[in-house]
Amino acid sequence: MNPFRKIMEKPWDPSAEESAMALAIGPGTQYAGQRLMLHIFLVIVSVVFLLMFATFITHSQFPGFQPLAGEPWSPFANTTALWLNTLWLALSSLAMHVALIRLRHDAATQALWAMLLAAFLAAAFVLAQFSLWRTVSGMGYALHGNPANSYFYLLTAVHALHLLGGLFVLVRAIWLLWRGAETARMQTSLSLSTTYWHYLLVLWALVFFLLTRSPETYRAIAVFCGLG
Amino acid sequence: MTHIPFADQPHEDHHPTSFVAKYVWSQDHKVIAVQYSIIAIFVGVVALVLSAFMRLQLGFPDTFSFINPNSYLQFMTLHGMIMVVYLLTALLLGGFGNYLIPLMVGTRDMVFPYLNMLSVWFYFVSVLVLLASFFVPGGPTGAGWTLYPPQTILPGTPGHEWGIILMLASLAIFIVAFTMGGLNYVTTILQARTHGMTLMRMPLTLWGIFTASMMGLLAFPALLVSAVMMALDLLAGTSFFMPKLVSLGDSLDYSGGSPLLFQHLFWFFGHPEVYIVALPAFGMVSDVLATHARKNIFGYRMMVWAIVIIGGLSFLVWAHHMYVSGMNLAFGFFFATTTLIIAVPTALKVYNWTLTLWQGNIRLNSPMLFAIGFVFTFIHGGLSGLFLGNVIVDVPLADTFFVVAHFHMVMGVSTVMVLFAAIYHWYPLVTGRLLHEGMAKLHFWLTFLGAYAVFLPMHYLGFLGVPRRYFAMGDTLFLPQSAHTLNAAITVFALVLMVVQVVFIVNLIWSLRHGPKAGHNPWGATSLEWQTPDVPPAHGNWGARLPVVHRWAYDYSVPGAVQDFLPQNMPDEEVERLAPDTDSAVESKS
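Remember, predicted model here, so these are calculated numbers, not experimental data.

**Examining the overall build of chain A**
Here is step 1 of the chain: A tally of regular secondary structure across chain A gives 8 helices and 0 strands.
Here is step 2 of the chain: Radius of gyration (C-alpha) of chain A: 23 Å, far over the 17 Å computed for a compact globule of 228 residues.
Here is step 3 of the chain: Counting only C-alpha atoms and orienting by the principal axes, one finds that chain A spans roughly 70 × 50 × 20 Å.
Here is step 4 of the chain: The buried share among the 228 residues of chain A stands at 48%.
Here is step 5 of the chain: In chain A, 76% of the contacts between residues at least 6 apart in sequence involve partners at least 24 apart.
Here is step 6 of the chain: Entry remark: accessible area of chain A is about 11,300 Å², with carbon and sulfur atoms responsible for 68%.
Here is step 7 of the chain: Positive and negative side-chain charges in chain A, numbering 12 and 8 respectively, have mean positions lying 11 Å apart.

Now the structure itself:
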């Protein structure tokens, strides 16, 4: 039944075609429930970041806002460190994908190694982000120095917290697979984790993009969004 | 990959085996619902007592030594926050949502029972953290429930050190709890409906809870983001919301922050919050009205769409709370327009409730009385909302008692009317006993008339210009003596109204043991929750087989049917039809 017919159903009329077809619709599966929950959760996380992005762009139009990029002496005038961190996360995401494919082919041992690699690379990303904090802080850009600095620490910290939450789930999945858990069950778990990993990679790309723009780009985004 | 359907899950997975597993760390949605409800009602009583203190000061200024300007502001803040978030949201979604969703969709439990259990315990911790603020140095925050910076975290505001930290921490924990619960409610409704239960066959209660849960999941992040950013301003010295300013003669280190940005974030959550509370109430009152008027709900499909459209539009009206904040005037025009537009589906619902009652076989029992009481108070609060939704009327009325009267009528009294209607309606299902009808009717009349005695005069005080949130009016020349007398009278009525609630509490407890046995489906209702093999429903709800749904939830007084009502799980073969000649005889008679 297509969505339009679903909402146009006349539930009071027992002779309607939709009523006759209704019995065919029953409860979904556990996997469908978990997947739906993950998707809604990702929408919630997106709302959190969208709101922070919106306030960031609004702040960028206030006097005194000093972006972290745009000038030769700015911390993100050189983005090599950020690209390197991005590489760790992208490789982690790739490893997750490989793990899922191997598990679908019943190659549990290979999947386990790929998952371990993904976890290691994700942990490396978090540590590298922490190192980036120290570098930026060492350059005199403290958390409370300017709203632009505050947003850098806030956005990266919230992103890292979500990754750490994902790592917790992944480590649990590795442990279960190590102990010989049923492959079908692990496929479900790994499929959801992989979606989450890819999502966090895209989210990081957006954070990266936003933090490294020039004042002119912020102005253009603000005007485009009606915030300027 | 093979997947197990929810319907076939062995429900013994979390079958309780001990007292602790059954009543404390329970994963049964019904026990969790009761836990949510008890905590919410308890914290609601605390908020009610706080409002009594405020009324004592307003009615009889400077009579009570324990109420000073600081404590007055603290009582006001905690009263507002508890009532809106910790009572109404938690009771409507955590309490009723938990109890009714699995039963009404015909499943054994929530899709994620463990997460559901975590949700209630996180909620409990959030309440404890909030109440702990009464015992820290400086007491709870007195910044007003809107927590506007910069004053919230500046010296001079009560609780600016510890109180505000605990408030923000408590809100963050509450949001985590709500998210865990909300994900469960939405997923269960979308994924675990039994055979035959299409979306458009769901009772309106479920539509209200579903839409409100979706809204909560999307709106609470705004509060979370603002709470985190404010906490950083307070603890780490950032300037998200704090502008450059001088406080008590000292130039502070803040610079570059925007207090107005906080207001936008807060009301982006705050206005949908009104409907997060209202929509479940709309749904529940629809079902109570239909059941006790023995009529199908008028315009079911229109009602569903109205709920969904109100939910969507409620994200586009937030800045009507900010007309006097100094924002762009063009914004004011936009938000006044959207506010007027949202009145259309809302009014449509009121017409449909009234038309449901039209020529119904109305049983004037306690649930029905409260439901009708809701229609009155909601129309009243809605109309005063039209005043405040217009910029030009709002500006002189902003921050007066007119605003207090409006939001208490529309969000407080009318929602509480539905809560009482719902408790009187579903108590027999939860406990297996009926409540004492005499006490219930007494409770209704005293509550209904009492609420009007308290809040109707407040409109008049607002027109006089009596400001809200003031500890004392002093010798204000523009206020006549009658305003002070009226304030004293409101206090007396408010205290009476509070004491009357003892009747309700006594009835709840007394009826647990002494109420008449409810038996199976005492109201003759059609929806699935009344069709369980056991009353109250046992663990797993449905015994060996899940129900199969054959019809919508409003088959009352069906033309041609002998039965007064046709339950949703009754197949067509079991419907007894009137003989054709009887049918035509009835028609010719009418």
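**Examining the overall build of chain B**
Here is step 1 of the chain: In terms of regular secondary structure, chain B is built from 15 helices and 2 strands.
Here is step 2 of the chain: The C-alpha atoms of chain B give a radius of gyration of 25 Å, which matches the 25 Å a tight globule of 590 residues would have.
Here is step 3 of the chain: Across its three principal axes, chain B shows a C-alpha extent of roughly 85 × 60 × 50 Å.
Here is step 4 of the chain: Restricting the contact set of chain B to residue pairs at least 6 apart, pairs at least 24 apart contribute 78%.
Here is step 5 of the chain: Carbon together with sulfur atoms contributes 70% to the accessible area of chain B, which is approximately 22,300 Å² in total.

**Notes on the UniProt feature "transmembrane region" (unreviewed entry) in chain A**
All names here are of chain A.
Here is step 1 of the chain: Taking the numbering used here, the UniProt-annotated feature "transmembrane region" (unreviewed entry) corresponds to residues 40-62, 82-100, 112-132, 152-178 and 190-211.
Here is step 2 of the chain: Taken end to end, residues 82-100 is 100% helix and 0% strand, and its two terminal C-alpha atoms sit 27 Å from one another.
Here is step 3 of the chain: Secondary structure content for residues 190-211 is 100% helix and 0% strand, while the C-alpha to C-alpha distance between its ends is 31 Å.

**A word on the interface of chain A and chain B**
Here is step 1 of the chain: The partner chain B presents 51 residues to the 44 residues of chain A that form the contact.
Here is step 2 of the chain: Taking both partners together, chain A and chain B bury about 4,300 Å²; carbon and sulfur atoms supply 74% of that area.
Here is step 3 of the chain: Looking at the side of chain A facing chain B, the largest losses of area belong to P27, Q30 and M37 of chain A, adding up to 14% of the total buried there.
Here is step 4 of the chain: Between chain A and chain B we count 0 salt bridges in total.
Here is step 5 of the chain: Mapped onto the side of chain A that touches chain B, the elements with two or more residues apiece are α1 (3-7), α2 (17-22), α3 (30-60), α6 (147-178) and α7 (183-211) of chain A.
Here is step 6 of the chain: Among the elements that make up the side of chain A that touches chain B, the one with the highest residue count is α3 of chain A (18 residues).

**Focus on the environment of R301 of chain B**
Here is step 1 of the chain: By the secondary structure assignment, R301 of chain B is in helix α8 (residues 300-313).
Here is step 2 of the chain: Measuring from C-alpha to C-alpha, the distance between R301 of chain B and R201 of chain B comes to 9.9 Å, with 100 residues separating the pair along the chain.
Here is step 3 of the chain: Apart from the residues within four sequence positions on either side, R301 of chain B is in contact with I7, M8, E9, K10 and W12 of chain A together with M200 of chain B.

**What about the confidence of the model for chain B?**
Here is step 1 of the chain: Here chain B averages 93 in pLDDT, while 96% of its residues score no lower than 70.
Here is step 2 of the chain: Model confidence for the complex: the whole-complex pTM is 0.94, and ipTM, which rates the interface, is 0.93.

**What to know about a nonpolar patch on the surface**
Residue and element names in this part refer to chain B.
Here is step 1 of the chain: A cluster of nonpolar side chains, contributed by L340, I379, L383, L386, F387 and F463, occupies part of the molecular surface with about 530 Å² of accessible area.
Here is step 2 of the chain: At 4 residues, the largest contribution of residues to the nonpolar patch is made by helix α10 (residues 366-389).
Here is step 3 of the chain: Mapped onto the secondary structure, F463 falls in helix α13 (residues 437-464).

**Some points on helix α12 (residues 401-431) of chain B**
Residues and elements named next belong to chain B.
Here is step 1 of the chain: The largest bend in α12 comes to about 40°, at H408.
Here is step 2 of the chain: Across the 31 residues of α12, 26 count as buried, placing the element largely inside the fold.
Here is step 3 of the chain: Just downstream of α12, G432 is the residue with a positive phi angle, here 80°.

**Notes on the UniProt feature "domain: Cytochrome oxidase subunit I profile" (unreviewed entry) in chain B**
Here is step 1 of the chain: Under the UniProt annotation, the feature "domain: Cytochrome oxidase subunit I profile" (unreviewed entry) is placed at residues 19-550 of chain B.
Here is step 2 of the chain: Helix and strand shares over residues 19-550 of chain B are 67% and 1% respectively, and the end C-alpha atoms of the span are 38 Å apart.

**So, the nonpolar core**
Residues and elements named next belong to chain B.
Here is step 1 of the chain: Membership of the largest hydrophobic core comes to 253 residues, with the highest contact counts inside it found for Y86, Y123, L147 and W353.
Here is step 2 of the chain: Per element, the largest residue contribution to this core is 23 residues, and it comes from helix α3 (residues 69-105).
Here is step 3 of the chain: In this structure, L147 is in contact with M81, T141, T152, I164, M167, L168, L171, M230 and F262, ignoring residues within four places of it in sequence.

**Description of the environment of A278 of chain B**
Here is step 1 of the chain: Locating A278 of chain B in the fold gives a position in helix α7 (residues 259-293).
Here is step 2 of the chain: Separated by 195 residues in sequence, A278 of chain B and M473 of chain B have C-alpha atoms that sit 33 Å apart.

**Here we look at the packing of helix α9 (residues 329-357) of chain B against α10 of chain B**
Residues and elements named next belong to chain B.
Here is step 1 of the chain: Orientation of α9 relative to α10, taken along the N-to-C sense of each, is 160°, at an axis distance of 11 Å. Taken together, the axes of α9 and α10 lie roughly antiparallel to each other. Note on packing geometry: the crossing formed by α9 with α10 is left-handed. Here A336, T339, L340, A343, T346, V350, W353 and L357 of α9 lie close against α10, whose contacting residues are M368, I372, F374, V375, F378, I379, L386 and G389.
Here is step 2 of the chain: Looking at the contact of α9 with α10 residue by residue, the classes come out as 13 nonpolar, 3 polar and no charged.

**Focus: the packing of α12 of chain B against helix α14 (residues 481-514) of chain B**
Residues and elements named next belong to chain B.
Here is step 1 of the chain: Between α12 and α14, the least distance of the axes is 11 Å, while the angle of their chain directions is 10°. In terms of orientation, α12 lies roughly parallel with respect to α14. Contacts from F420, I423, Y424, Y427 and T431 in α12 reach Q501, F504, N507, L508, S511 and L512 in α14.
Here is step 2 of the chain: Among the residues making up the contact of α12 with α14, the classes are represented as 7 nonpolar, 4 polar and no charged.

**A short note on the packing of aromatic side chains**
All names here are of chain B.
Here is step 1 of the chain: Applying the stated criterion across every chain, the model contains 63 aromatic pairs over all chains.
Here is step 2 of the chain: A centroid spacing of 5.7 Å and a plane angle of 50° characterise the contact between F268 and F315, whose relative ring orientation is tilted. Taken together, the residues span a long stretch of sequence, with F268 in helix α7 and F315 in the loop between α8 and α9 at a distance of 47 residues. In terms of burial, F268 and F315 fall into one category: buried.
Here is step 3 of the chain: Measuring from ring centre to ring centre gives 5.4 Å for F448 and Y452, while their planes differ by 70°; the resulting arrangement is edge-to-face. With F448 and Y452 both in helix α13, this residue pair falls 4 residues apart, about one helical turn. Just as F448 is buried, Y452 falls in that class too.

**Points about the side chain of S93 of chain A**
Residue and element names in this part refer to chain A.
Here is step 1 of the chain: One can find S93 in helix α4 (residues 80-104).
Here is step 2 of the chain: Within polar-contact distance, the side chain of S93 engages the side chain of H198 at 2.6 Å.
Here is step 3 of the chain: Setting aside chain neighbours within four positions, we find S93 in contact with W197, H198 and L201.

About the cut-offs
- Along each chain, numbering runs from 1 in the same order as the chain's sequence is written.
- Each chain gets a letter, beginning with A, and each ligand a number, beginning with 1, in the order they are written.
- Only residues with pLDDT of at least 70 are given local features in this predicted model, and only at 80 or more are side-chain atom pairs given and counted; all residues enter the totals for whole chains, interfaces and linings.
- Only hydrogens and water are set aside when side-chain values are computed; all heavy atoms of the structure are taken into account.
- Numbering of helices and strands starts at the N terminus; helices are DSSP runs of H or I of at least 4 residues and strands are runs of E of at least 2.
- Taken over C-alpha atoms, the radius of gyration is set against a globule rule of 2.2 Å times the number of residues to the power 0.38.
- Residue exposure (1.4 Å probe, protein chains only): buried if accessible area is under 20% of the type maximum, exposed if over 50%, otherwise partly exposed.
- Contact criterion: two residues are considered in contact whenever any of their non-hydrogen atoms come within 4.5 Å of each other.
- What sets the accessible areas is the Shrake-Rupley method with a 1.4 Å probe; for residues, cover comes only from the shown protein chains.
- A positive count includes Lys and Arg, and a negative count includes Asp and Glu. His and the chain ends are not counted in either.
- Note on charges: their place is set at NZ of Lys, CZ of Arg, CG of Asp or CD of Glu.
- UniProt positions are given in the numbering used here, feature names are shortened, and annotations may be inferred rather than shown by experiment.
- Summed over both partners, buried area is the accessible surface (1.4 Å probe) that two parts give up on being assembled.
- Definition used for salt bridges: Asp or Glu carboxyl oxygen within 4 Å of a side-chain nitrogen of Lys or Arg.
- pLDDT measures the predictor's confidence residue by residue and takes values from 0 up to 100.
- Without a salt bridge and with relative accessible area above 30%, a residue can belong to a patch; like charges are then joined within 9 Å and nonpolar side chains (Val, Leu, Ile, Met, Phe, Trp, Tyr) within 5 Å.
- Here the bend at a residue means the angle between the axes of two seven-residue stretches, the one that ends at it and the one that starts at it.
- Throughout, nonpolar core names a set of buried Ala, Val, Leu, Ile, Met, Phe, Trp, Tyr and Cys residues whose side chains join them through atoms within 4.5 Å.
- For helices, the fitted line uses only the C-alpha atoms of the stretch in contact; every axis is such a line through C-alpha atoms, and the angle between N-to-C directions lies from 0 to 180 degrees.
- Orientation labels follow simple angle bins: below 35 degrees gives roughly parallel, above 145 gives roughly antiparallel, 65 to 115 gives roughly perpendicular, and whatever is left gives oblique.
- Crossings are assigned a handedness: left-handed for a near helix turned anticlockwise from the far helix by less than a right angle, right-handed for a clockwise turn.
- Classification used: nonpolar for Ala, Val, Leu, Ile, Met, Phe, Trp, Tyr, Cys and Pro, charged for Asp, Glu, Lys and Arg, polar for all others including Gly.
- Centre distance within 6.5 Å is the pairing criterion for rings of Phe, Tyr and Trp, where only the six-membered ring of Trp is used; planes under 30 degrees apart are then read as stacked, over 60 as edge-to-face, and the remainder as tilted.
- Counting of polar contacts relies on pairs of N or O atoms within 3.5 Å, with two restrictions inside protein: one atom must be capable of donating a hydrogen and the other of accepting it, and residues adjacent in sequence are counted only when both atoms are side-chain atoms.

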